[in-house]
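# Notes for the structure review
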Amino acid sequence: MPCSNCHQHNRSCIVDRSKSLSCSECVRRKVSCDVSIDPDSRLDKEMEKSRQLEEEEEKLMREIATLQSRLIRTREQKRHSLRRQKEYFDRGMADLAEEMSGPSNDVVVEGSEESNWIQELNAMSPGSLERLAASVGQGSGDANPQSLS
Ligand SMILES: [Zn+2]
Ligand SMILES: [Zn+2]
């Protein structure tokens, strides 16, 4: 559809959207052009929309990149923290193990064992050791005469 000016003067109405919304005749004559903006304007609107969406997309991509680098940094810090945690834990366990296998504890363990042994020994009736020695001597004494006979 030509604009009213072109239609009135029976001129070919040519519109170059990249230069102006008015037709080339109206631009040349510097008059307002009422050339139908459809369907090209819809295309323009869509182009404008897609351009805005592209900008939004780029903005979001930048945000993602920023968040990703923050995520990577946070994970790195977390890993460091966990490593230190493990180090401290291992060190604590090593200290604990050292304490448990330390000489002072060994003495206590030995002492308790010794005291138990002594208590057991003391619990025996007097002369039980002698009887034990005698039975051992008797046993060997029994074996020898049998082998001799
Ligand atoms: Zn025109
Ligand atoms: Zn025009």
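In the block above lies the structure referred to throughout.
Residues numbered from 1 in each chain as written. Chains lettered and ligands numbered in written order. Predicted model: local features only at pLDDT ≥ 70, side-chain atom pairs only at ≥ 80, totals over all residues. Heavy atoms only, no water.

## Let's talk about the environment of Asp34
Applied cut-off: Secondary structure counts use DSSP, requiring at least four H or I residues in a row for a helix and at least two E residues in a row for a strand, with both numbered from the N terminus. Any two residues whose heavy atoms approach within 4.5 Å at even a single point are treated as in contact. Under this definition, polar contacts are N or O atom pairs within 3.5 Å; protein pairs additionally need one hydrogen-donor-capable and one acceptor-capable atom, and for neighbouring residues in sequence, both atoms have to be side-chain atoms.
As for its position among the elements, Asp34 is in the loop between helix H2 (24-29) and helix H3 (40-100). Residues Asp34 and Cys3, 31 residues apart in the sequence, show an inter-C-alpha distance of 5.4 Å. Each residue touching Asp34, except ones within four places of it in the same chain, is listed here: Cys3 and Ser4. Within the structure, the side chain of Asp34 is placed 2.6 Å from the side chain of Ser4, a separation counted as a polar contact.

## Overview of the pattern of salt bridges
Charged atoms that come close allow side chains of opposite charge to pair. As a reminder, the rule being used: Salt bridge, as applied in this entry: a Lys or Arg side-chain nitrogen positioned within 4 Å of an Asp or Glu carboxyl oxygen. Using a 1.4 Å probe on the protein chains alone, a residue whose accessible area is under 20% of its type maximum counts as buried, one over 50% counts as exposed, and one in between counts as partly exposed.
A complete count under the given rule lists 8 salt bridges for this structure. The salt bridge involving Lys86 is made with Asp90; its shortest N-O contact spans 2.8 Å. Here Lys86 and its partner Asp90 are both found in helix H3, 4 residues apart, which amounts to about one turn of the helix. Relative accessible area serves as the criterion here: at 37%, Asp90 is assigned to the partly exposed category. Ionic pairing is found between Glu87 and Arg91, a salt bridge with its closest N-O pair at 3.9 Å.

## Observations regarding the coordination of the zinc ion (ligand 1)
The cut-off we apply is this: Distances define the donors: N, O and S atoms within 2.8 Å of the metal qualify, as do those within 3.2 Å of Na, K or Ca. Water is excluded, so some sites may look unfinished. Just to be clear on the cut-offs, tetrahedral is four donors with all angles between 85 and 135 degrees, square planar is four donors and octahedral six with opposite donors over 155 degrees apart and all others between 65 and 115, and anything else goes down as irregular.
The protein atoms that coordinate the zinc ion (ligand 1) are Cys3 (SG), Cys6 (SG), Cys13 (SG) and Cys23 (SG), at distances spanning 2.1 to 2.4 Å. Here the zinc ion (ligand 1) is ringed by 4 donor atoms whose angles at the metal span 95 to 118°, and the overall shape comes out tetrahedral. In primary-sequence terms, the residues that donate to the zinc ion (ligand 1) follow C-x2-C-x6-C-x9-C. Metal-to-metal, the separation of the zinc ion (ligand 1) and the zinc ion (ligand 2) is 2.9 Å; Cys3 coordinates the two. On the criterion of sequence distance, the pair formed by Cys3 in the segment before helix H1 (4-9) and Cys23 in the loop between H1 and H2 is long-range, its members being 20 residues apart. The same class applies to Cys3 as to Cys23, namely buried.

## Side note on a negative patch on the surface
Selection rule: Exposure above 30% relative accessible area and the absence of a salt bridge qualify a residue for a patch, where like charges join within 9 Å and nonpolar side chains (Val, Leu, Ile, Met, Phe, Trp, Tyr) within 5 Å. Computed with the Shrake-Rupley method and a 1.4 Å probe, the accessible areas treat only the protein chains shown as cover for residues. His residues and chain termini do not enter the charge count, which takes Lys and Arg as positive and Asp and Glu as negative. Lysine's charge is taken at NZ, arginine's at CZ, aspartate's at CG and glutamate's at CD.
Together, Glu54, Glu55, Glu57 and Glu58 give the surface a local cluster of negative charge. Relative to the helices and strands, Glu55 resides in helix H3.

## A word on the nonpolar core
Here is the rule we go by: Here, nonpolar core means buried Ala, Val, Leu, Ile, Met, Phe, Trp, Tyr and Cys residues that are tied together by side-chain atoms lying within 4.5 Å of each other.
Core analysis: the biggest nonpolar cluster contains 6 residues, these being Cys3, Cys6, Cys23, Cys26, Cys33 and Val35. If we skip the residues at most four places from it in the chain, Cys3 touches Cys13, Cys23, Cys26, Cys33, Asp34 and Val35.

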